[in-house]
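# Descriptive analysis of the structure
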Amino acid sequence: MPNSTVTTIILAAGRSTRMKSSTPKALHQIAGRPMLGHVLATVGSLGKSRTVLVLAPGMDDVARYAKGVDANLDIAIQDKPLGTGHAVRAAEALVPSGEGVVLVIFGDTPLVRAETLSEMVAACRAEAPVVVLGFEARDPAAYGRLVLNADGSLARIVERKDATPEEVAITLCNGGAMAVRAEHLFRLLGRMTNDNASGEYYLTDVVEHARAEGLGCAVICAPEEDIQGVNSRADLASVEAEMQRRLRRRAMEGGVTLADPETVYLCADTIFGQDVTIGQNVVFGPGVEVASNVTIKPFCHIEGGRIEEGAQIGPFARIRPGSEIGRDVHIGNFVETKKAKIEAGAKVNHLSYIGDARVGAKANIGAGTITCNYDGFNKHHTDIGAGAFIGSNSSLVAPVKIGDGAYTGSGSVITKDVPADALAVERSKHFEKPGWAAAFRAKHAGMKKAGE
Ligand code: UD1
Ligand code: CA
């Protein structure tokens with residue numbers, strides 16, 4: 001009887017020529033996370049499992065990324081991309097011999113759900129030594145076809161290129177994942193040949209060899225949208241779209257109102273509290289955490305920051321990495337924040353750039369205020385005290401410190417620290433020439449007449 005060990009082998013050594021990219025397919029992003037990261041997250045949620053990732057020689061950046069996600073993962077190298085079956089054999093030395101179940105999945109099908117894989121593993125343990133992930137394809141295209149026996153059991157898998165016209169018409173297809181009892185897997189793979197239209201060693205041949213030995217082969221089906229593989233940029237876009245649908249649904253189930261869900265783009269790691277309201281056309285980059293009762297108005301771009309309870313953002317705000325937006329803070333239109341700590345109740349309502357800065361509690365930042373944080377070589381810090389009032393169109397040349405409760409006059413270029421509760425004004429004195437404008441106009445009117 002197979003024991004409870006599960007070894008998951010992720011295949012990602014393919015050439016992926018159809019992506020037309022110098023970046024390995026596994027590192028192309030979906031919802032702000034590399035494709036392989038989604039697969040590793042799914043495997044991680046399966047519970048205790050050894051994981052072996054099969055890569056091609058030279059895929060060091062993929063190996064580094066994968067190790068960063070799961071330091072315990074093993075890497076096997078497939079010398080040449082001779083097919084999915086050949087790739088699994090490359091992992092053989094890292095699979096505990098004859099123990100439990102081996103689950104083979106592909107690095108390019110990131111939408112397969114953990115529940116489906118768990119179901120496959122359970123069926124493999126309890127029912128059939130070989131379990132294949134199947135789906136009903138609207139357009140079976142190049143997918144492998146699942147050929148059934150008269151009694152409905154799985155007879156074999158035939159690749160599109162090797163299929164007879166009757167087999168091409170089959171719509172039940174191979175989703176790619178396969179669970180096989182470890183005691184059988186490598187013996188069955190030993191029977192593989194590359195005598196087929198592609199000249200490759202097909203993992204899918206395991207089914208036919210298992211049947212020949214009288215071993216049972218079962219199919220577990222999943223919805224077609226879970227199976228989508230990424231072979232091209234168009235596939236990448238369509239997997240992204242499905243991932244976005246899932247993330248929006250999850251956000252709404254968690255108590256987030258999306259005014260027009262299809263216009264809000266989320267990342268796999270976006271975190272929301274309850275009663276968050278998000279307007280139309282809002283885009284989240286990686287690393288955003290939004291607490292409860294936050295309102296994000298339309299057309300905002302938010303990346304790498306935390307937004308505390310009761311804050312209001314936008315419309316048209318850009319929150320960049322390192323922003324900490326405090327409780328009940330208001331960030332208004334055309335405001336950009338970066339590495340900025342905006343403390344409780346502060347207001348930055350219009351047309352401002354706040355970068356490398358702290359804005360103290362309840363401070364008010366006037367329209368058009370800019371923290372001049374960069375001198376062409378280094379970034380410098382601006383510190384604005386609690387309750388400070390920064391006049392409109394102030395330039396705060398960092399490093400600079402505005403004390404608690406201080407005022408700066410509109411249009412000032414502040415280059416020196418301002419003490420608490422002081423007023424700093426930096427601009428030329430207002431002067432007037434009475435009647436100057438009327439005289440100027442009269443002079444020009446006279447010139448025009450003379451020239452007529
Ligand atoms: C494979 C299946 C097909 C199934 C489809 C589902 C086989 C023979 N065919 O076809 O039945 O319908 O997936 O998406 O298994 N890889 C390697 N080394 C190799 C070749 C591939 O690691 O030598 C990896 C790829 O990086 C990829 C995965 O295996 O992650 C699948 O390979 P791919 O060439 O995309 O197989 P498909 O033609 O899509
Ligand atoms: Ca594929």
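Notes on the structure follow. (Residues numbered from 1 in each chain as written. Chains lettered and ligands numbered in written order. Predicted model: local features only at pLDDT ≥ 70, side-chain atom pairs only at ≥ 80, totals over all residues. Heavy atoms only, no water.)

### What about the coordination of the calcium ion (ligand 2)?
Coordination of the calcium ion (ligand 2) by the protein comes from Asp108 (OD) and Asn231 (OD1), over a distance range of 2.7 to 2.8 Å. With Asp108 in the loop between strand E6 (101-106) and helix H4 (114-126) and Asn231 in the loop between helix H8 (224-227) and helix H9 (233-253), this pair connects stretches of sequence that are 123 residues apart. Taking the relative accessible area as the measure of exposure, Asp108 reaches 15% and is therefore buried. (Donors = N, O, S within 2.8 Å, 3.2 Å for Na, K, Ca; no water. Helix = DSSP H or I, 4+ residues; strand = E, 2+ residues; numbered from the N terminus. Buried < 20%, exposed > 50% of the residue type's maximum accessible area, 1.4 Å probe, protein only.)

### Some details on the site of ligand 1
Near ligand 1 you find 21 residues, and of these Gln78, Gly83, Thr84, Glu159 and Asn174 are the closest. Separating an oxygen atom of ligand 1 from a side-chain N or O atom of Glu159 is a distance of 2.6 Å. Burial of ligand 1 by the protein chains amounts to 86% of its free accessible area of 760 Å². Taken atom by atom, the bulk of ligand 1 overlaps the largest pocket. (Near = heavy atom within 4 Å. Polar contact = N/O pair within 3.5 Å; in protein donor to acceptor, adjacent residues only side chain to side chain. Areas by Shrake-Rupley, 256 points an atom, 1.4 Å probe, with all protein chains shown as cover. 1 Å grid on protein atoms, 1.4 Å probe; cavity = no way out; pocket = protein on both sides within 12 Å on 5 of 7 lines; lining within 4 Å. Sits in = over half its atoms within 2 Å of the grid points.)

### Topic: the nonpolar core
By size, the foremost hydrophobic cluster in this structure holds 71 residues, and its most contacted members are Ile9, Val88, Val130, Met178 and Val206. What Val130 contacts, discounting residues up to four positions off in sequence, is Met178, Ala179, Val180, Val206, Val207, Ala210, Gly216, Cys217 and Ala218. Listed in part, the 55 residues of the second largest apolar core include Leu111, Leu258, Ile354 and Ile384. (Core = buried A, V, L, I, M, F, W, Y, C linked by side-chain atoms within 4.5 Å. Contact = heavy atoms within 4.5 Å.)

### A short note on the layout of surface pockets
The space that makes up the largest pocket amounts to roughly 1600 Å³. As for the largest pocket, its lining consists of 45 residues, and the residues nearest its centre are Arg18, Lys25, Phe106, Asp108 and Asn231. Elements represented by at least two residues in the lining of the largest pocket include exactly helix H3 (84-89), strand E10 (172-181), H8 and H9. Residue composition of the lining of the largest pocket, by class: 15 nonpolar, 18 polar and 12 charged. Here the second largest pocket is characterised by a volume of approximately 390 Å³. In terms of lining, the second largest pocket is formed by 16 residues, of which the most central are Thr42, Met243, Arg246, Leu247 and Arg250. Sorting the residues of the lining of the second largest pocket by element identifies helix H1 (35-44), H4 and H9 as the ones contributing at least two each. Ranked by residues supplied to the lining of the second largest pocket, first place goes to H9 with four residues. Grouping the amino acids of the lining of the second largest pocket by side-chain chemistry returns eight nonpolar, three polar and five charged. (Points joined across faces, edges and corners; volume = space filled by probe spheres on them. Nonpolar A, V, L, I, M, F, W, Y, C, P; charged D, E, K, R; others polar.)

### Side note on H9
When the terminal C-alpha atoms of H9 are compared, their 30 Å separation across 21 residues agrees well with the 30 Å that a helix rising 1.5 Å per residue should span. Along H9, the residues classified as buried are Leu236, Val239, Glu242, Met243, Gln244, Arg246, Leu247, Arg248 and Ala251. Considering only its buried residues, H9 is in contact with strand E2 (29-30), H1, H8, strand E12 (256-258), strand E13 (264-265) and strand E14 (271-272). Backbone geometry just after H9 places Gly255 at a positive phi near 100°. (Expected span 1.5 Å × (residues − 1).)

### Quick notes on the side chain of Glu242
Inspection of the secondary structure puts Glu242 in helix H9. Setting aside chain neighbours within four positions, we find Glu242 in contact with Leu111, Glu225 and Gln228.

### Some details on the packing of H1 against helix H2 (residues 60-69)
In the contact formed by H1 and H2, the axes pass within 10 Å of each other and the chain directions differ by 35°. The element H1 and its partner H2 pack so that their crossing is right-handed. On H2, the residues that touch Leu36, Gly37 and Leu40 of H1 are Val62, Tyr65, Ala66 and Val69. Here the residues of the contact of H1 with H2 are counted per class, giving six nonpolar, one polar and no charged. (Axes fitted to C-alpha atoms, helices over the stretch in contact; angles between N-to-C directions. Left-handed = near helix turned anticlockwise from the far one by under 90°.)

### Details of empty space enclosed by the protein
All chains considered together, the criterion is met by one cavity of 30 Å³ or more. What the largest cavity holds in volume is close to 50 Å³. Looking at the lining of the largest cavity, the elements that each hand over two or more residues are H1 and E6. By residue class, the composition of the lining of the largest cavity is seven nonpolar, two polar and no charged.

### Some details on the sheet that holds E12
A sheet is described by the order of its strands in space; here 10 strands give the open sequence E12-E15-E18-E21-E24-E26-E28-E31-E34-E36, paired in parallel fashion. For this open sheet the edge positions go to E12 and strand E36 (423-424), each flanked by a neighbour on one side alone. Here strand E21 (residues 312-313) runs beside strand E24 (residues 330-333); their pairing, made up of two bridges, is parallel. In the sheet register, Gln312 faces E24, and the bridge partner there is His330. (Pairing = 2+ DSSP bridges.)

### Comments concerning the packing of aromatic side chains
In the structure shown here, the tally under the stated rule is six aromatic pairs. With 4.9 Å between their ring centres and 5° between their planes, Phe299 and Phe316 make a pair best called stacked. Of the two residues, Phe299 sits in the loop between strand E18 (295-296) and strand E19 (301-302) while Phe316 sits in the loop between E21 and strand E22 (317-319), which places them 17 residues apart along the sequence. Ring plane angle 15° and centroid distance 4.8 Å describe the contact between Phe389 and Tyr407, whose orientation is recorded as stacked. A residue pair is termed long-range when its members are at least 10 positions apart, and Phe389 in strand E31 (residues 389-390) and Tyr407 in strand E34 (residues 407-408) qualify at 18 residues. (Phe/Tyr/Trp six-rings, centres within 6.5 Å; stacked < 30°, edge-to-face > 60°.)

### Brief notes about helix H6 (residues 182-189)
The element H6 is largely enclosed, with a buried count of six among its eight residues. Within H6 the residues assigned to the buried category are Ala182, His184, Leu185, Phe186, Leu188 and Leu189. In the core, the buried residues of H6 are packed alongside H3, E6, E10 and helix H7 (205-212).

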